Amino acid sequence: MTPTQGIALVDLDEDGVDRAFRADVLTGLRQSQKAVPARWFYDDAGSALFEEITRLEEYYPTRAETEILRNHGADFRRLIGPGRAVVEFGSGSSVKTPLLLSAIEPGAYVPLDISGDFLRSSSAALARKFPGLPVHPVEADFMREVELPDAIAPLKKLGFFPGSTIGNMVPRTAVDLLRSMRATLRGSRGERPMLLIGMDLVKDQAVLEAAYDDAKGVTARFNLNLAERINRELDGTIPTGDLAHRAIWNDDFARIEMHLEAMKDIVFYVSGEKFTMEKGETIHTENSHKFTRRSGNLMLLAGGWTPLQHWTDEEGRFSVTLAQASEQREAP
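Throughout what follows, the structure given in this document is the object of discussion. (Residues numbered from 1 in each chain as written. Predicted model: local features only at pLDDT ≥ 70, side-chain atom pairs only at ≥ 80, totals over all residues. Heavy atoms only, no water.)

This paragraph deals with the overall build of the chain. If you tally the helices and strands in the chain, you get ten helices and 14 strands. For the chain, the C-alpha atoms occupy an extent of roughly 60 × 45 × 45 Å along the three principal directions. Residues counted as buried form 53% of the 332 residues belonging to the chain. Considering only contacts within the chain whose residues lie at least 6 apart along the sequence, 69% involve residues at least 24 apart. In the form shown here, the chain has an accessible surface area of approximately 15,100 Å², with 49% of it arising from carbon and sulfur atoms. Where the 39 positive side-chain charges of the chain centre and where its 49 negative ones centre are 5 Å apart. (Helix = DSSP H or I, 4+ residues; strand = E, 2+ residues; numbered from the N terminus. Buried < 20%, exposed > 50% of the residue type's maximum accessible area, 1.4 Å probe, protein only. Contact = heavy atoms within 4.5 Å. Areas by Shrake-Rupley, 256 points an atom, 1.4 Å probe, with all protein chains shown as cover. Lys, Arg positive; Asp, Glu negative; His and termini not counted. Charge placed at Lys NZ, Arg CZ, Asp CG, Glu CD.)

Here we come to the packing of helix α2 (residues 44–53) against helix α9 (residues 218–233). Between two packed helices, both the angle of their axes relative to each other and the distance between the axes serve to describe the pair. The contact between α2 and α9 brings their axes to 9 Å, and the two run at 175°. Viewed along their axes, α2 and α9 adopt a mutual orientation that is roughly antiparallel. Facing α2, whose interface residues are Ala45, Gly46, Leu49, Phe50, Glu52 and Ile53, α9 presents Val218, Thr219, Arg221, Phe222, Asn225 and Arg232. (Axes fitted to C-alpha atoms, helices over the stretch in contact; angles between N-to-C directions. Parallel < 35°, antiparallel > 145°, perpendicular 65-115°, else oblique.)

One pass over the full model with this rule turns up 22 salt bridges. Asp75 is the salt-bridge partner of Arg78, the closest N and O atoms lying 3.6 Å from each other. Taken together, the residues span about one helical turn, with Arg78 and Asp75 both in helix α4 (residues 73–80) at a distance of three residues. With a closest N to O distance of 3.2 Å, Arg120 and Glu139 form a salt bridge. Residue Arg120 is found in helix α6 (residues 116–129), and its partner Glu139 is found in strand β5 (residues 138–139); the two are separated by 19 residues along the sequence. If you follow the salt bridges from partner to partner, you end up with Asp24, Arg39, Asp141 and Arg144 in one network. (Salt bridge = Lys/Arg side-chain N within 4 Å of Asp/Glu carboxyl O.)

Evaluation of the coordinates by the stated rule reveals one cavity of 30 Å³ or more. Of the volumes computed, that of the largest cavity is approximately 30 Å³. Taken together, Val36, Leu226, Ala227, Ile230, Ile238, Leu260, Ile283 and Thr285 make up the lining of the largest cavity. When residues of the lining of the largest cavity are traced back to their parent elements, those giving at least two are α9 and β12 (282–289). At three residues, the largest contribution of residues to the lining of the largest cavity is made by α9. Split by residue class, the lining of the largest cavity holds seven nonpolar, one polar and no charged. (1 Å grid on protein atoms, 1.4 Å probe; cavity = no way out; pocket = protein on both sides within 12 Å on 5 of 7 lines; lining within 4 Å. Points joined across faces, edges and corners; volume = space filled by probe spheres on them. Nonpolar A, V, L, I, M, F, W, Y, C, P; charged D, E, K, R; others polar.)

Before going further, it helps to spend a moment on the pairing of strand β14 (residues 318–325). For β14, the tally of buried residues reaches eight of eight residues, placing the bulk of the element in the interior. Direction of pairing for strand β7 (residues 194–200) relative to β14: antiparallel, over a ladder of seven bridges. Considered in β14, the bridge of Ile197 is made with Thr321. Note that strand β13 (residues 305–312) and β14 share seven bridges and pair antiparallel. Bridging from a neighbouring strand, Trp311 pairs with Val320 of β14. Connecting the antiparallel pair β13 and β14 is a turn made up of five residues, with Gly316 showing a positive phi of about 70°. (Pairing = 2+ DSSP bridges.)

Distances and angles like these do not, on their own, reveal function.
So this is what it looks like as structure tokens:
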């Protein structure tokens, strides 16, 4: 396997459609509160739109996390050490990932992503930026345990999960993901892998809502692209012109919710199955949970990770936590 050759692990049917995508969409649209998991935002078009979102004035998380990664490289190098294989859950950002790789002198870089073309493009860019670093992209759904390339088996592992993507999941799913990450990163000789994870913090409601409903409408396009993807890949007939983007703060669950709201009664088909929506009914497309230090710690511990150190940006908007796989214990 050449350094930038990918391993495709996505399960496609005879028509080239991701079976998990179809199953999630059909199951979600049958529910009384229609919903589609946020991970399906990230086809090639969605990934490109998200990169545009990260550059918006209202969208602070990327700038805040980048500040942390830029300012604390010496801490990362001291605590993580050189020579680890960095396994990134999601294709690497052109800004954030190089900051980490430059700080810790990794032994290899393994990006995991479900969007194959975007994965290969970002991996090739990282390989050019770090010509001596082995890069092994793996096209896979990282929500489940992933088999990593044999070439990195001898190396200690560091998981990298920036962007507060963990906040897109309800707590049960987030904990399941953290456990599957631990299984993906497990060492062959009882080695306890590490995880560097970004988490967005609770803050003023107006700031949060603006970050997910920007003035230029990029986030609205990102949200609507999910319906367009369903139409493209699943023979859908969703009338996207009759849907509107909504971003709502749900204080009870400490999260921003994104929905696609029907502006009138509509009827459509997906993979031959008929669906209806009344005016005002929504498809729930994303949760973005916000954390306190304590709630973030509790989630990590439930997922089998022990927090080691936290960092925040100067304005206290965002946090990055380094954790290590917890030792197995039978008692407190």
